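Residue-level structure breakdown
Listed below, chain by chain, are the residues.
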Amino acid sequence: GQQLNQSPQSMFIQEGEDVSMNCTSSSIFNTWLWYKQDPGEGPVLLIALYKAGELTSNGRLTAQFGITRKDSFLNISASIPSDVGIYFCAGQHSDAGKSTFGDGTTLTVKP
Amino acid sequence: GAVVSQHPSRVICKSGTSVKIECRSLDFQATTMFWYRQFPKQSLMLMATSNEGSKATYEQGVEKDKFLINHASLTLSTLTVTSAHPEDSSFYICSAKDRGDYGYTFGSGTRLTVV
């Protein structure tokens, strides 16, 4: 089946540092989504991307839809302790379609 | 924004029994809901697509007779784990999409432990 390669698998950073994570795929997606999951909770949507090349921000978060439609990155600027969690990318072929998830990036922020 | 309510949040059951998990879309109608399974420190794996008024579509390798899905109304989908075994212990999460929203909204998940 399709696979999304998400990296890095985990990150340990100091508060205030910037963070970058990315996802690549062997197939093209029409939509890229970034979610954050806290322990014992369902994922929460952070950013949705619909067009190749699109760059979208949500507060300190910025994500881009790669030109080839096979990759996306998420940046977090000036990290704070509450940014701790697991970040997942997800690709969709259509707006109403099912999502394929990356393996997640576990972020730890040291105060 | 859209809210998806999932119940129960935690359940412990004995081997051989069945467990029902509910997923409700609050304040919006969802013709399609998705059910995922997540093992510790792993990603979400799609189990099935729940379609209102019709049979669910299961992903390859998911036993439809073991994981019964019923989407009887536009706001409710249920997942029943039948004859549960310890290997069915996992975190089950549903998601749904309101027409005007971007992306899917996830429920808060159900932690199933089979003893």
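See the structure shown above.
Residues numbered from 1 in each chain as written. Chains lettered and ligands numbered in written order. Predicted model: local features only at pLDDT ≥ 70, side-chain atom pairs only at ≥ 80, totals over all residues. Heavy atoms only, no water.

Turning next to the overall build of chain A. Check the secondary structure of chain A and you find 0 helices and 11 strands. When the helices and strands of chain A are listed from N to C terminus, the series reads β-β-β-β-β-β-β-β-β-β-β. Its C-alpha atoms give chain A a radius of gyration of 13 Å, near enough to 13 Å, the size a compact globule of 111 residues would have. Its C-alpha atoms put chain A at 40 × 30 × 20 Å along the principal axes. Residue burial in chain A is summarised as follows: out of 111 residues, 42% are buried. Considering only contacts within chain A whose residues lie at least 6 apart along the sequence, 53% involve residues at least 24 apart. For chain A, the exposed surface amounts to about 5,200 Å²; the carbon and sulfur share of it is 52%. One finds the centroid of the 7 positive side-chain charges in chain A at a distance of 8 Å from the centroid of its 10 negative side-chain charges. (Helix = DSSP H or I, 4+ residues; strand = E, 2+ residues; numbered from the N terminus. Rg over C-alpha atoms; globule rule 2.2 N^0.38 Å. Buried < 20%, exposed > 50% of the residue type's maximum accessible area, 1.4 Å probe, protein only. Contact = heavy atoms within 4.5 Å. Areas by Shrake-Rupley, 256 points an atom, 1.4 Å probe, with all protein chains shown as cover. Lys, Arg positive; Asp, Glu negative; His and termini not counted. Charge placed at Lys NZ, Arg CZ, Asp CG, Glu CD.)

This next bit is on the environment of A:Gly104. All names here are of chain A. Note on placement: glycine 104 falls in the loop between β10 (99–101) and β11 (105–110). Among the residues examined, glycine 104 registers a relative accessible area of 5% and is labelled buried. Beyond its immediate sequence surroundings of up to four residues, glycine 104 is in contact with Gln6, Pro8, Gln9, Ile86, Tyr87 and Phe88.

Turning to the interface of chain A and chain B, a few remarks are in order. Between chain A and chain B, the residue contacts involve 20 residues of the former and 17 residues of the latter. Summed over both sides, the interface of chain A with chain B buries roughly 1,400 Å², with 56% coming from carbon and sulfur. Its largest share of buried area at the contact with chain B, chain A owes to A:Pro43, A:Lys98 and A:Phe101, together 31% of the area lost on that side. The tally of links between chain A and chain B comes to 1 salt bridge. (Buried area = accessible area lost by both parts, 1.4 Å probe. Salt bridge = Lys/Arg side-chain N within 4 Å of Asp/Glu carboxyl O.)

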